[in-house]
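Observations on the three-dimensional arrangement
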Amino acid sequence: MRKNLQGGALHAMQAFVRIVDTGSFSAAAEQMQLTTAQVSRLLTELEKRLQTKLLQRTTRRQALTDAGAEYVERCREILGLVEDAEARASGAAIVPQGRLRVQCMTNFGQHYLSPFLADFCTRHPHLRLEYSTSQYVPDLLAKGVDVSIYLAENLADSGLVAKRLGTTFSVLCASPKYLEHYGQPAAPSALQDHRCLQLINPSVTPYWELTDNTAAPRRLGVQPMLIADTPEVLLDAALQGAGITLLPLFSVIDAVRAGRLQHVLPGWRSRDIGVYALWPSRQFLDARTRAWLEFVQAQLAPRLIDDAAYFSAPT
């Protein structure tokens, strides 16, 4: 909601939605640039106006009442329509302007998006881009994020709008030093006899599952000597000769091209990992969100295809 919409029921509805989405009065106050006391007073006035309790709150927790759970969804619809009406009347639906908060998984963003952020800002001088990173399922409403770029083998139902931007996958790699000492595995089953480095985070399965595109994926019972939730940690360990790792191809492609890592079992790879843009459900897309989505799609699509082709080419 635009800051200048300050009066009456709409402002109180906005405060109520922010309290629910952020989970606290203080976080809602920070997003609205108000004090916690002001936000609390707005909710009290709203409940008095409706003559019903919307939120049960104690010093330790808060929970929506049945009436509050239904009312907050109606508030979202109304506020979304008001935002869209204001945007269209002011031209914001046509010209990208204002603050755009985007989020991306760290390593993916470094490889695919960071080189082009300056170009995006140059193209849209009336936008202020705020870029943040996260490895985990984004809570866009609580964090006030407009769009998140997220990777997942299976995208859980989150209530967010999702657009698939492309596909990537993970590949097996190890340093020449490691392979010289321990040898090349001849088949996926041989990996159980190797030192393995495993990535575990919400975007990938908690086990190694490989496919050669001719049969059903094969699940492997490796016993990893190192587990981490970020690719960077395992990449560093692999470069130092610690073992074989299965990482998203964009994490390792530069090291493989430079010869610092070798592609292991090149006929095998993980299942497809979807690359998604996620944003809160709204009836209309504003111009700044649409500009970002179009830019990211244009930048990502050819690079995802080229990088996948590098690891799919005959060796």
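This next bit is on helix 2 (residues 25-32). When helix 2 is considered as a whole, its buried residues turn out to be Phe 25, Ala 28, Ala 29 and Met 32. For helix 2, the angular spread of the buried residues around the axis is 100°, confining them to a single face. Once helix 2 ends, the next one or two residues include Gln 33, with phi positive near 60°.

The phi dihedral of Gln 33 falls on the positive side, at around 60°, and the residue is not glycine. Considering the arrangement of structural elements, one finds Gln 33 in the loop between helix 2 and helix 3 (36-50). Classification of Gln 33 by relative accessible area gives exposed; the value is 56%.

You can see Asp 307 is positioned in helix 11 (residues 287-312). Ignoring sequence-local partners within four residues, the contact set of Asp 307 consists of His 111, Tyr 112, Leu 249, Ile 253 and Arg 257.

This next bit is on the nonpolar core. Residues Phe 108, Ile 149, Val 252, Trp 292 and Leu 300 are the most contacted members of the largest nonpolar core, which totals 52 residues. In this structure, Ile 149 is in contact with Gln 103, Cys 104, Met 105, Phe 108, Leu 113, Leu 165, Val 275, Tyr 276, Ala 277, Trp 292 and Val 296, ignoring residues within four places of it in sequence. Formed by 19 residues, the second largest nonpolar core is a distinct cluster that contains Met 13, Leu 46, Leu 55 and Val 72.

A few words now on the confidence of the model for the chain. Here the chain averages 86 in pLDDT, and 89% of its residues register 70 or above. Model confidence for the chain, summarised as mean pLDDT per element, is weakest for helix 7 (residues 140-143) at 65 and strongest for strand 13 (residues 262-264) at 97. Contacts of residues 1-6 to residues separated by more than four positions or lying in other chains number 14 contacts, the stretch itself having pLDDT below 50.

Rules used throughout
Residues numbered from 1 in each chain as written. Predicted model: local features only at pLDDT ≥ 70, side-chain atom pairs only at ≥ 80, totals over all residues. Heavy atoms only, no water. Buried < 20%, exposed > 50% of the residue type's maximum accessible area, 1.4 Å probe, protein only. Helix = DSSP H or I, 4+ residues; strand = E, 2+ residues; numbered from the N terminus. Arc of directions from axis to C-beta. Contact = heavy atoms within 4.5 Å. Core = buried A, V, L, I, M, F, W, Y, C linked by side-chain atoms within 4.5 Å. pLDDT = per-residue confidence, 0-100.

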